[in-house]
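This is what each chain is made of:
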4 protein chains.
Amino acid sequence: MEQTLKVCIYGATGYTASELLRALIEHPYVEITGLVSHSTAGKKVSEVLPHLAPALGERTLTPEPEEDFDLAFLCLPHSASMELVPELLSKGKKVVDLSGAYRIRNREAYPEFYGFEHGHAELLERAIYGLPELFREEIKGADLVANPGCYPTATLLAIYPLLREGIDFDSVIVHALSGVSGAGRKPKQSFHFPEMEENIFAYSVERHRHTPEMEDVIFRLSGRKLNLRFTPVVVPTARGMLSTVYVKTEFKELREIYMNTYEGERFVRISDTPPMTKWTLGTNNCVIFPTYDERTSTAVIISAIDNLGKGASLQAVQNMNLMAGFEEGLSIPKVPKFP
Amino acid sequence: MEQTLKVCIYGATGYTASELLRALIEHPYVEITGLVSHSTAGKKVSEVLPHLAPALGERTLTPEPEEDFDLAFLCLPHSASMELVPELLSKGKKVVDLSGAYRIRNREAYPEFYGFEHGHAELLERAIYGLPELFREEIKGADLVANPGCYPTATLLAIYPLLREGIDFDSVIVHALSGVSGAGRKPKQSFHFPEMEENIFAYSVERHRHTPEMEDVIFRLSGRKLNLRFTPVVVPTARGMLSTVYVKTEFKELREIYMNTYEGERFVRISDTPPMTKWTLGTNNCVIFPTYDERTSTAVIISAIDNLGKGASLQAVQNMNLMAGFEEGLSIPKVPKFP
Amino acid sequence: MEQTLKVCIYGATGYTASELLRALIEHPYVEITGLVSHSTAGKKVSEVLPHLAPALGERTLTPEPEEDFDLAFLCLPHSASMELVPELLSKGKKVVDLSGAYRIRNREAYPEFYGFEHGHAELLERAIYGLPELFREEIKGADLVANPGCYPTATLLAIYPLLREGIDFDSVIVHALSGVSGAGRKPKQSFHFPEMEENIFAYSVERHRHTPEMEDVIFRLSGRKLNLRFTPVVVPTARGMLSTVYVKTEFKELREIYMNTYEGERFVRISDTPPMTKWTLGTNNCVIFPTYDERTSTAVIISAIDNLGKGASLQAVQNMNLMAGFEEGLSIPKVPKFP
Amino acid sequence: MEQTLKVCIYGATGYTASELLRALIEHPYVEITGLVSHSTAGKKVSEVLPHLAPALGERTLTPEPEEDFDLAFLCLPHSASMELVPELLSKGKKVVDLSGAYRIRNREAYPEFYGFEHGHAELLERAIYGLPELFREEIKGADLVANPGCYPTATLLAIYPLLREGIDFDSVIVHALSGVSGAGRKPKQSFHFPEMEENIFAYSVERHRHTPEMEDVIFRLSGRKLNLRFTPVVVPTARGMLSTVYVKTEFKELREIYMNTYEGERFVRISDTPPMTKWTLGTNNCVIFPTYDERTSTAVIISAIDNLGKGASLQAVQNMNLMAGFEEGLSIPKVPKFP
């Protein structure tokens, strides 16, 4: 019999928290002891996330945790996470941080891409990058897991087999599409339903903060200092992410190394047709289609995830399961709602 | 040869102004001399409505009109319209008011439904209700036209033949669906794309301000003091409105009186199948399907419009054409984009 | 420890089967022994329902069951279900029929609304209407459950408290909106994405086969022969159903009787605001908002469900749990995906 | 005073025909003398395209033209267009062919990409590629215009300034997103509303027939035999196309050459922010955003059009205007519906 894990969610009002709760509510060994929110403290969960009324409606959001807990999920702004993590670690808590505050080991990226100097850079080496298919063993022993960004999750899973096999490649271009939930829950003009519907547009074309994150992890994995060209595009879906990676290479036998790399991985599947994002909605699944274009000597790898599933909260639950010694897939939805 | 009409748009940054401009830019006898906005004064049109960049991009929004004009379109909050109208009339301007400030003759409705005492109630009788199929001749001579609400436009066109023919009916229930643009351009949580997509909900179920508007016009047309039961519902489309009207009546020959009433009307069509809102998108068209349910002695009349077309701005242009003596349909889009 | 229930799904390629499988795959006491399909026999599940590839991809669809089973779910055309049910019952199988073949006790409704004479009308009395909140005890002992239609589920749950309390009412009007999945998986012109997007329309306005179903169940519950006026409307969502019921009545204390009727029901919640369909997506939940309009002496009851959840497949699993003696909510998703 | 041009539309039931008609109905010098359709001959236009009921509802589709005409628009399958064009030319008709039958000068592309041997390859040199910003003068004198594909339109407009200025570049990658209408009007499983909604997927990843079209035009313009890497992706919008072009180059002053190239072009605008497809919906506009990524020596050019506007039918009207000597933009919608 497993021991119950007490968890506290900080920033319990947005989309990543909502998706976390969907999985945690059904988890047999998890007790949700705290739902912390500064902005909506004192409100009931059912006022802020009314779809949770049947499960958690009467629970109240509090400005600070009111009960003890073993592990915290941080669904906070980057700078708030950066400040809170050392405090939690010093109290012996385990932390899964869904912000970007501890994802990049190179501290110099923070002022440029996050707008602040990193005040706790000594912890950057201690933070484990929470992509279990790449760093499973480190995650099991970690007390601080930096849960990956959505674009990096889809993209790194698409690139990893090339790195693992030491394939020679260069000129990496990543063109990735995201549903609107990736931009968070706060209403904005361009995401107002009448304006986002029937609309498609690229953003952060000059530079996006997930670029250094991807480059940093690639460096950790392979020692290569690659410059990625990355263009994110938003399309009118609530969820879903499709990342297409183009690399110049002479290596053609992609399918074999992709099958080998992810053999036995329950959440990654190599498809022999281009994946639909709909196959992953509400799950922690990633579907990858690798193909080789002879005419241009280009490997084209297409990777589909749910940006809030494998791209955020369900991957965070996967990390929690590993950190707590639970079965890795416990309570993580595996079958997408269809249609 | 027609004389050019100089027009000024107050509140030139929202959806109704945008749709007005789409028609007015192509109008052969209209010159747009003013684009007034308090909140965004000093900005270029292309910053606020970038889709207009090719046509009006370099034009600047001003806090007050900088050139003379003959007719003003008011796309303002109700209370701002209420205050501005007498000032414009006193300067000899014609006004088409797209707010609700002058739609209801009974001044007592304003505190309850609009939240203010009507400070210029003496003008309520002077304001002509801008539904040309019902009040065409009065509109031609008007200097103040209260452009109807979207729900009242769809619903009154659906009920009018019964009133005109003096049909005996009662128990009026109006169940009407609207696209999200009807709620305006300001972002809100429930209209944030990820939350509005795959969502349907009723609102203002207790009372909606279009209820007294519909009852007031029915009274003007027929002398009947009806109590309408009205339920508005929002569905995930940018535009489109479908109003279904249920009335108890023994009169069954609906199709004939509907055909007769709207014979010769270019913007109203009686369909022999239930209309699709898509048939009306971007146009000033209204399609009506009247049917009779013998089992329940109920006339069921379904009416489709574009809430920003016939339901707001294109009807405002129709009113302007009538007021200025132009051909009634001039420069009003007649063929919907499909698909 | 529960005994495993072997189940077979007939018609295992459409939306109701897909949603059934989502719940059954995770059910601790269910073994899916058969996936039957005439039209796609011989294909792998992953060819027909590729989102199920991780869970069932290698399983093959067969023209007939190849293994024994205890209970069959029929996701078949109405006439096919009508024919198959007696054969299955004669072999001692339990049946949950998701078609309309056994929902109406009055056999005369079939030629008019389903296009065939009912060849096994003797079974109509034996079939239990599978709405557990109304017929729980009968379902527990049933071998044939007629799983309700989506519109009747939402509507009957909205009307039932009035019937149960013997409230005097008449003039029932039901105006209900449905997502497109309610029309099935087969592509049609009006449901082609470019035509359904930004579109709203009523259909089957003259008569819909769910009208006699609702009237029949109301008669069973209350002995009243009501004529319902019912208008179904399709809106551009994949899922979701919002039924609004209008009845004339002098009884005003709606909230109290609704709270009482559904006290202790885990899948029905009485809301004090109009429900959003998004609160129910992917779940078996029904949220009801009852309100009274004094001006028109009308009770207005709004009911939200997922048409494939409580409106079809998850209710079918609820019925199966009752028939098999399992805990009623076992393996039924309770927390909606949000957003 | 212009002389009236009589036009006939072959294949008058699909999306490109519908969009053609939207512009042609309002054209002051065009008379639509024929609406030809084999599959629906004998039906009224209002049965097949009910949104055209107010304008053309009583017109009948015929199996062959019943009146004489000057110019034909072909909205036919590729092979049907291939066969019909020589017959029309021999009768002295002008032709705008919206299929791909005459777009590529290299006849060898047809068996591979269109599935047939080109039976009239002698006409391939005579056909002018109907992209007016590139081939305006040839179009004016043409009797056969091959109207470009949607992806090539967006992409060639994005690449053309580099070719025109003789910029040195290579490694061209085109990643382009399209709304569903690009796949035509015929319903398909993957475009059934419930499956396409909340879905994103790449298709024709190995090879798409627009690849040789783009390569062929680039060769004509510059003499360069480039191999393009092209990935098309479908996203859940009815319309809209966003093409992103990546090329390796040392040339950085992109904005200047883009401004120069398209100076005076009314339908192409160089934006200083990434374009939204919504800015172009229902219009013939193309908005291009060129930017240079120093870190990867990559020019990134993003181009937005409406796939049925500039990408098909409105460009066809632009071509017709040029061929007939009318003002180039006559009757072409310039202001998008917003929202």
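Preceding block: the structure.
The shown structure was predicted, so the numbers you read here are calculated from the model rather than taken from an experiment. (Residues numbered from 1 in each chain as written. Chains lettered and ligands numbered in written order. Predicted model: local features only at pLDDT ≥ 70, side-chain atom pairs only at ≥ 80, totals over all residues. Heavy atoms only, no water.)

A. Region of the structure containing unusual backbone geometry. Note that the residue after F338 of chain A, namely P339 of chain A, is joined by a cis bond; omega there is -5°. The residue P339 of chain A is located in the segment after α11 (309–324) in this model. Even without glycine at this site, E198 of chain B takes up a positive phi of about 55°. With respect to the helices and strands, E198 of chain B occurs in the loop between α8 (193–196) and β8 (201–202). Under the relative-accessibility criterion, E198 of chain B is labelled buried at 5%. Positive phi values are uncommon outside glycine, yet S204 of chain B reaches one of about 45°. Mapped onto the elements of the fold, S204 of chain B is located in the loop between β8 and α9 (210–222). (Helix = DSSP H or I, 4+ residues; strand = E, 2+ residues; numbered from the N terminus. Buried < 20%, exposed > 50% of the residue type's maximum accessible area, 1.4 Å probe, protein only.)

B. Quick look at the interface of chain A and chain D. Contact with chain A, which involves 49 residues of that partner, is made by 48 residues of chain D. A buried area of about 4100 Å², summed over both sides, lies between chain A and chain D, and 60% of it is on carbon and sulfur atoms. Of all residues in chain A, E198, I200 and R295 of chain A give up the largest surface area on contact with chain D, accounting jointly for 17% of the area buried on that side. Our enumeration of links across chain A and chain D arrives at 6 salt bridges. The closest approach of N and O atoms between K278 of chain D and E197 of chain A, which form a salt bridge, is 3.6 Å. Taken together, chain A and chain D are joined by 28 residue pairs in polar contact (both at pLDDT 80 or more). Of all the elements in the fold, those that place two or more residues in the side of chain A that touches chain D are β7 (170–178), α8 (193–196), β8 (201–202), α9 (210–222), β9 (229–234), β10 (241–248), β12 (286–293) and β13 (298–305) of chain A. By residue number, the principal contributor to the side of chain A that touches chain D is β7 of chain A, which donates 5 residues. Per-class residue counts for the side of chain A that touches chain D are 25 nonpolar, 13 polar and 11 charged. (Contact = heavy atoms within 4.5 Å. Buried area = accessible area lost by both parts, 1.4 Å probe. Salt bridge = Lys/Arg side-chain N within 4 Å of Asp/Glu carboxyl O. Polar contact = N/O pair within 3.5 Å; in protein donor to acceptor, adjacent residues only side chain to side chain. Nonpolar A, V, L, I, M, F, W, Y, C, P; charged D, E, K, R; others polar.)

C. Up close: the nonpolar core. All names here are of chain B. Counting 82 residues, the largest nonpolar core has I9, L24, F73 and M320 as the members making the most contacts within it. No other element matches helix α7 (residues 150–164), which puts 10 residues into this core. Two domains share this core, each providing at least three of its residues, namely domain 1 (5–147 + 311–324) and domain 2 (150–307). For F73, the contacting residues outside a window of four places in its chain are V7, C8, I9, Y10, L20, L24, V96, L98, A316, V317 and M320. (Core = buried A, V, L, I, M, F, W, Y, C linked by side-chain atoms within 4.5 Å. Domains from an automatic or database assignment.)

D. Highlighting the sheet that holds strand β13 (residues 298–305) of chain C. All names here are of chain C. A sheet is described by the order of its strands in space; here 7 strands give the open sequence β8-β9-β7-β10-β13-β12-β11, paired in mixed fashion. Taken across any chain shown, the strands that pair with only one partner, and hence form the sheet edges, are β8 (201–202) and β11 (268–270). Here strand β7 (residues 169–178) pairs with strand β10 (residues 241–249) via 8 bridges, running antiparallel. Bridge pairing in β10 places D170 opposite K248. Packing against the sheet, helix α7 (residues 150–164) makes contact with β7, β9 (229–234), β10, β11, β12 (286–293) and β13, and its axis sits at approximately 35° to β10. (Pairing = 2+ DSSP bridges. Axes fitted to C-alpha atoms, helices over the stretch in contact; angles between N-to-C directions.)

E. Structural detail: the pattern of salt bridges. The final tally for this structure, using the stated rule, is 88 salt bridges over all chains. Across the pair K44 of chain B and E58 of chain B runs a salt bridge, and its minimum N-O distance is 3.0 Å. Of this pair, K44 of chain B sits in the loop between β2 (30–36) and α2 (45–48) while E58 of chain B is found in the loop between α3 (53–56) and β3 (71–74), placing the two residues 14 residues apart along the sequence. When its relative accessible area of 61% is taken as the criterion, E58 of chain B is described as exposed. Of the charged contacts, one joins D68 of chain D and K93 of chain D as a salt bridge, the two residues approaching to 2.7 Å between their closest N and O atoms. Remark: K93 of chain D occurs in the loop between α4 (78–90) and β4 (94–97) and D68 of chain D occurs in the loop between α3 (53–56) and β3 (71–74); sequence separation between them is 25 residues. Given the relative accessible area of 12%, K93 of chain D is considered buried. Connected through shared salt-bridge partners, E19, R22, R239 and D306 of chain A make up one network.

F. Structural detail: the interface of chain C and chain A. Taken together, the contact between chain C and chain A spans 30 residues of the former and 30 residues of the latter. Between chain C and chain A, roughly 2700 Å² of surface is buried when both sides are summed, and carbon and sulfur atoms account for 67% of that area. Applying the counting rule to chain C against chain A returns 0 salt bridges. Elements supplying a minimum of two residues to the side of chain C that touches chain A: α1 (15–24) and α3 (53–56) of chain C.

G. Examining the relation of the copies chain A and chain D more closely. When chain A is brought onto chain D, the operation consists of a screw motion whose angular component is 180° and whose axial shift is 0.0 Å, with 0.0 Å RMSD remaining. Within this description, the copies of the chain are treated as partners about a two-fold rotation axis. Comparing interface residues between copies, 98% of those in chain A also lie at the interface in chain D; the contact surface is shared. (Least-squares fit on C-alpha atoms with pLDDT ≥ 70 in both.)

H. Here's a closer look at the packing of helix α7 (residues 150–164) of chain A against α9 of chain A. Residue and element names in this part refer to chain A. Across the interface, α7 lies against α9 with an axial gap of 10 Å and an inter-helix angle of 30°. Taken together, the axes of α7 and α9 are roughly parallel relative to one another. Crossing handedness for the pair α7 and α9: right-handed. Residues C150, Y151, P152, T155, L156, I159, Y160 and L163 of α7 touch α9, and the partners they reach there are H210, E213, M214, V217, I218, L221 and S222. Taken together, the residues of the contact of α7 with α9 sort by class into 11 nonpolar, 3 polar and 1 charged. (Parallel < 35°, antiparallel > 145°, perpendicular 65-115°, else oblique. Left-handed = near helix turned anticlockwise from the far one by under 90°.)

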